[in-house]
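In case you want the letters, here they are:
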Amino acid sequence: MDAVFVDEAEVKAAIKQVRLDNGPINWVAVTYEGARSTKLKLHGSGSEGVDEFAATLADELAVFGLVRLVDKIDESLTVKFAFISFTGDSMPRMQKAKVSIHRAGIMAAFGQSHVQLSVTNKSELSNQVVLQKVMETSGSASRVINRETGQKETVSSTATAAAAHSKKEDYSIMQWEDLGNVKATLKQVRAHTDPLTWALVTYSENSLQSLKLLGSGTGTIDAEVVPLLRDDIVVYGLVRRTEIIDESETTKFVYINWVGENTPRQLKTRLSAHQGVIRTEFEPHHVLLNCTRLSEISDAEVDAIISKASGTASHVLTETIHTERVQKSSGTAQASTPAQQSTPVTEAPKPARTTQRTTAPRTTASTASTTTPSTNKDSLILTDEPAIRAAIQSVRSDSDPTTWALVSFVKGKNNTIQLLGTGTSDTAELVSQLADDAVVYGLLRRTLRVDESDTVKFVFIDWCGNNIGRMLRARLPVFSGEIKALFSPYHVDLHPTEHHEITEEIVMTAIATAAGSKSNVL
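As the structure is a computational prediction, the values presented were derived from the model and not from experiment. (Residues numbered from 1 in each chain as written. Predicted model: local features only at pLDDT ≥ 70, side-chain atom pairs only at ≥ 80, totals over all residues. Heavy atoms only, no water.)

J.: Looking at this structure, I do not really get the overall build of the protein. What am I missing?
T.: Helix and strand content of the protein: 16 helices and 17 strands. Split into buried and exposed, the 522 residues of the protein put 47% on the buried side. In the protein, 66% of the contacts between residues at least 6 apart in sequence involve partners at least 24 apart. By element, 51% of the accessible surface of the protein is carried by carbon and sulfur atoms, the whole surface being about 24,800 Å². (Helix = DSSP H or I, 4+ residues; strand = E, 2+ residues; numbered from the N terminus. Buried < 20%, exposed > 50% of the residue type's maximum accessible area, 1.4 Å probe, protein only. Contact = heavy atoms within 4.5 Å. Areas by Shrake-Rupley, 256 points an atom, 1.4 Å probe, with all protein chains shown as cover.)

Written out as structure tokens, the structure is:
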């Protein structure tokens, strides 16, 4: 779930101060607005590093912070960022569960970090502890040795921070050979009507801070990109790919970060300072591919990463799996045969339907469910399953005006869901169907504009009203997997409990963040 801030501008401004390599502010933190709130507010910021940050922590709070430190590798100083997640020991269990759901979205809002730490007691935090973690990650820890004792020692963060301020050279300042040409080439890659599908840049010869265009082309990664990747150079690139989800074609952009295994050490030590600056030129992008060997980059590898990021990789079901799910819900599961396992899914034709919002009738003696009721209460039953699947398929179809479909539990039946409704308007129309005493699942289709490309995005809605019954709430985890499979694939999932947590703005921000089109470089 993406982070939602009480004052987003204030938080962004504070993060920006920490991101300044030579700025006085070196940490920032946010916490929840209140015990029941999912919104975050600025907790504090300062210039005394981890120790000062740790002093602001309390056992009943959840606090997320970003700290800037300086790591020394040989004679080079590099700026490092640490993301810290603090969950106080005295926090209620439900609040702790909320933290685990929000952590990834908050970390994404803070942007790039070199190390991540999760702690429950502030005694676990200090400048020395976090710096040691940074040094272990970068490999510099083993180089810091006391010459007299022969023992490994950590470097004082205060000393390294002071050294960083006295260092006149700013490694984050980059130079470009013909930046205008580089930008124009990247713009061509982003234009879905342009034949150019990839562009690469690399460091100029004998330079540690100057970049130039390495190449661009219209062919495949295997045929054109891979041959340019030598093991003694660093390359940054943008590749355009097309992914098909059901009947929708979506354009995806992949940011490639190639660091050859034989890259000179002097250049390697500066890469962490360069990456944030360079990456802004390639934003937005949907996925990042870090690679050091040719075996790690190919057309197949890139497509697999895209599918995984969009949620399509693990949701392509064989007919056997689909059949087993139906049989499980009807209590007639049978062993599958090898021939069944290799048979692809063939969807039934979509039945005719209106585009107006509809509400499915409750199951009665005269309107029997097409799914045979199961005596197993742990099996999910779909009332009029063809209608439910047809509604979801309508949302996925570019030629259908339907933009959302919702299902909910039948009153008094904690293992049976029915079609709640469909619609052709925006998020507000969907929200009007969400009651405080209901659990509702749904699929919402929106369109995201990335430069000159329109991409269709699907959002899975998991609404759990604050006033639902205890018995139903307790059973929700049992059905979670089947529900998600019903609505998969999707690009983003939202888990609101109140209407203000799901608006058109929140939905589009979540989509943009997941797609990489919402920049986290402030």
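J.: Sorry, what's going on with the packing of aromatic side chains here?
T.: Any two aromatic rings considered together are summarised by their centre-to-centre distance and by the angle between their planes. Inspection of the entire model under this criterion finds 10 aromatic pairs. Look at Phe 409 and Tyr 441: their rings are 6.2 Å apart centre to centre, the planes differ by 65°, and that puts the pair in the edge-to-face class. In this pair, Phe 409 is assigned in strand β13 (residues 404–409) and Tyr 441 in strand β15 (residues 439–450), connecting sequence segments 32 residues apart. Through pairs of rings, three or more aromatic residues link up here, namely Phe 409, Tyr 441, Phe 460, Phe 479, Phe 487 and Tyr 490. When the ring centre of Phe 81 is taken as origin, the NZ or CZ atom of Arg 19, which lies over that ring, is 4.3 Å away. (Phe/Tyr/Trp six-rings, centres within 6.5 Å; stacked < 30°, edge-to-face > 60°. Lys NZ or Arg CZ within 6 Å of the ring centre and 35° of its normal.)

J.: What is the right way to look at the pattern of salt bridges in this model?
T.: If charged atoms from side chains of opposite charge come close, those side chains can pair. Considering all chains together, one arrives at 10 salt bridges under this definition. The residue Glu 8 makes a salt bridge to Lys 12 at a minimum N-O spacing of 3.4 Å. One end of the pair is Glu 8 and the other is Lys 12, both in helix α1 (residues 8–19) and 4 residues apart, which spans about a single turn. Residue class for Glu 8 comes out partly exposed when judged on its relative accessible area of 33%. Measuring nitrogen to oxygen at the nearest pair gives 3.6 Å for the salt bridge that ties Lys 411 to Asp 437. (Salt bridge = Lys/Arg side-chain N within 4 Å of Asp/Glu carboxyl O.)

J.: So what exactly am I meant to see when it comes to the environment of Ala 391 here?
T.: In this structure, Ala 391 sits in helix α13 (residues 385–396). Overall, the relative accessible area of 1% leaves Ala 391 in the buried class.

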